[in-house]
Amino acid sequence: MRDHYGITQCVIENKNKYFPVLEKSKPETVLKISGKVVKRSSGTENLDLKTGKIEIAIESIQILSDANELPMPVFGEQDYPEETRLKYRFLDLRRDEMHKNIILRSNVISFIRSEMLNLGFLEYQTPILTSSSPEGARDFLVPSRLNPGKFYALPQAPQQFKQLIMVSGFDKYFQIAPCFRDEDARADRSPGEFYQLDLEMSFVEQEDVFKVVEKLMVNLFKNFKFNIIPDKNFSNILN
């Protein structure tokens, strides 16, 4: 049985009245199982699993959602057509690699937020519906119900808003900001929308910005043990 936290082995006797129910269940069926957590017998332990030293002796089973035949298997990391993966995204995200990626994304964002607060920045949320402004790509437009024929624009970046925050007397801003750009995909981001760490500082020089970003990125890569550690001195990159 698998949930968000991992896999646990469950066992049932064939004389158990729920055995025929379980026998007919297809992979990815959602189950509610009641039973006793028992220690596995010697020689049957699976040290590759966090739960490998125990198992659940099933007493009763309830089918919460019976699965049909799957359009793509969840186990295994084979490559599937992107169209299939996106159509059945809820299954794609059950795959171990994708599940871990989503958890990593959450942990990275939490780490960035904590580091920025420790560096003296405050997090502010800027508007999503705004007026159109010249940027590097086309805007996504949202029609206004109260003003027929007029449109809001989704922000390509919080540029104007964060500068207003600086003008208002706040000196250090950051945001994990959604950005919307009607442009083709790039190697480092999806087409249409992406998130970025956006920051602004008042009364600073280039080196002040480098010191903040250098510390953040080096700590980020070290904390998550990424294979590449960025250069501690960003000015070397410019040189």
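It should be noted that the structure appears before, not after, this text.
Residues numbered from 1 in each chain as written. Predicted model: local features only at pLDDT ≥ 70, side-chain atom pairs only at ≥ 80, totals over all residues. Heavy atoms only, no water.

### Topic: the overall build of the protein
Quick note on the threshold: Segments assigned H or I by DSSP are reported as helices when at least four residues long, segments assigned E as strands when at least two residues long, and all are numbered from the N terminus. Values of the radius of gyration come from C-alpha atoms, whereas the globule rule sets the reference at 2.2 Å times the count of residues to the power 0.38. Two residues form a contact once any of their heavy atoms are found within 4.5 Å. The Shrake-Rupley method, run with a 1.4 Å probe sphere, supplies the accessible areas, and residue values consider only the shown protein chains as cover.
Summing up its helical and strand segments, the protein has seven helices and 10 strands in all. Its C-alpha atoms give the protein a radius of gyration of 25 Å, more than 25% over the compact-globule value 18 Å for 239 residues. If one aligns the C-alpha atoms of the protein with their principal axes, the spans along those axes are about 75 × 50 × 35 Å. Contacts spanning at least 24 positions in sequence make up 53% of the contacts within the protein whose residues lie at least 6 apart. About 16,900 Å² of surface is accessible on the protein, with carbon and sulfur atoms providing 53% of the total.

### Structural notes on the environment of E97
Quick note on the threshold: The buried label applies to any residue whose accessible area, calculated with a 1.4 Å probe on protein chains only, is under 20% of its type's maximum; exposed applies above 50%, and partly exposed to all values in between.
Assignment of secondary structure puts E97 in helix α4 (residues 96-118). Residue E97 is classed as partly exposed on the basis of its relative accessible area, which comes to 44%. Between the alpha carbons of E97 and G76 there is a distance of 9.2 Å; along the sequence they are 21 residues apart.

### Notes on the nonpolar core
Quick reminder of the rule: Working definition of a nonpolar core: buried Ala, Val, Leu, Ile, Met, Phe, Trp, Tyr and Cys residues. They are joined through side-chain atoms within 4.5 Å.
I112, M116, F121, L199 and L220 are the most contacted members of the largest nonpolar core, which has 13 residues in total. Every element with two or more residues in this core is listed here: α4, β9 (172-181), β10 (192-201) and α6 (206-223). The dominant element in this core, judged by the number of residues it contributes, is α4, at four residues. Aside from chain neighbours lying at most four places away, what touches M116 is F121, F174, L197, L199 and L216.

### Section: the pattern of salt bridges
Stated formally: Whenever Lys or Arg places a side-chain nitrogen within 4 Å of a carboxyl oxygen from Asp or Glu, that contact is recorded as a salt bridge.
In total, this model carries 10 salt bridges according to the counting rule given. Residue R95 is joined to D92 by a salt bridge in which the shortest nitrogen-to-oxygen separation is 2.7 Å. Across this residue pair, the class does not change: R95 and D92 are buried. Residue E123 pairs with R113 through a salt bridge whose shortest N-O separation is 2.8 Å. In this pair, E123 sits in strand β6 (residues 122-123) while R113 sits in helix α4, placing the two residues 10 residues apart along the sequence. One network of salt bridges, with partners in common, ties together R85, R89, D92 and R95.

### Some words on the pairing of strand β5 (residues 54-65)
We apply this condition: Strands are treated as partners if at least two bridges between them are detected by DSSP.
Strand direction decides the pairing type here: strand β3 (residues 10-11) and β5, joined by two bridges, are parallel. Bridge pairing in β5 links C10 to I56. With 10 bridges joining them, strand β4 (residues 30-39) and β5 adopt antiparallel strand pairing. Along β5, the bridge assignment pairs S34 with S60.

### A word on the side chain of N16
When you line up the elements, N16 lands in the loop between β3 and α1 (19-24). The class of N16 is buried, set by a relative accessible area of 16%.

### So, the side chain of Q156
Looking at the secondary structure, you find Q156 in the loop between β8 (151-153) and α5 (159-167). If we ignore the near neighbours within four places in the chain, the residues touching Q156 are S133, E135, G136, A137, R138, D139, C179, F180 and R181.

### Section: the packing of α4 against α6
Short version of the rule: For helices, the axis comes from a line fit to the C-alpha atoms of the stretch in contact; other axes are also lines fit to C-alpha atoms, and the angle between any two N-to-C directions lies between 0 and 180 degrees. Should an angle fall under 35 degrees it is taken as roughly parallel, and over 145 as roughly antiparallel, whereas 65 to 115 is taken as roughly perpendicular and any remaining angle as oblique. Helix crossings are classified by the rotation of the near helix relative to the far one: an anticlockwise turn of less than a right angle makes the crossing left-handed, while a clockwise turn makes it right-handed. Asp, Glu, Lys and Arg are counted as charged, while Ala, Val, Leu, Ile, Met, Phe, Trp, Tyr, Cys and Pro are counted as nonpolar; the rest, among them Gly, fall into the polar class.
At their nearest, the axes of α4 and α6 sit 11 Å apart, and the two run at 140° to each other. One way to sum up the angle between α4 and α6 is to call them oblique. Along this stretch, α4 crosses α6, giving a crossing that reads as right-handed. In this structure, α4 contributes V108, F111, I112, E115 and M116 to the contact, and α6 contributes L216, N219, L220 and N223. In the contact of α4 with α6, the residues fall into six nonpolar, two polar and one charged.

### Notes on the sheet that holds β5
Across the sheet, which stays open at both edges, the three strands sit in the order β3-β5-β4 with mixed pairing between neighbours. Of all the strands in the sheet, just β3 and β4 have a single pairing partner and so form its edges.

### A look at the packing of aromatic side chains
Note the following rule: Think of it this way: a Phe, Tyr or Trp ring, Trp meaning its six-membered ring, pairs with another when their centres are within 6.5 Å, and the plane angle makes it stacked under 30 degrees, edge-to-face over 60, tilted otherwise.
Counting across every chain of the model gives six aromatic pairs. Ring geometry for Y88 versus F90: centroids 6.4 Å apart, planes at 70°, classification edge-to-face. On the accessibility criterion, F90 (53% relative accessible area) is exposed. Arranged with centres 6.4 Å apart and planes meeting at 5°, the rings of Y124 and Y173 form a pair that is stacked. Here Y124 is found in the loop between β6 and β7 (141-143), whereas its partner Y173 is found in strand β9, with 49 residues between them in sequence. For the pair shown, Y124 and Y173 are each scored as buried. Three or more aromatic residues link up through ring pairs in this structure, and these residues are F111, F221, F224 and F226.

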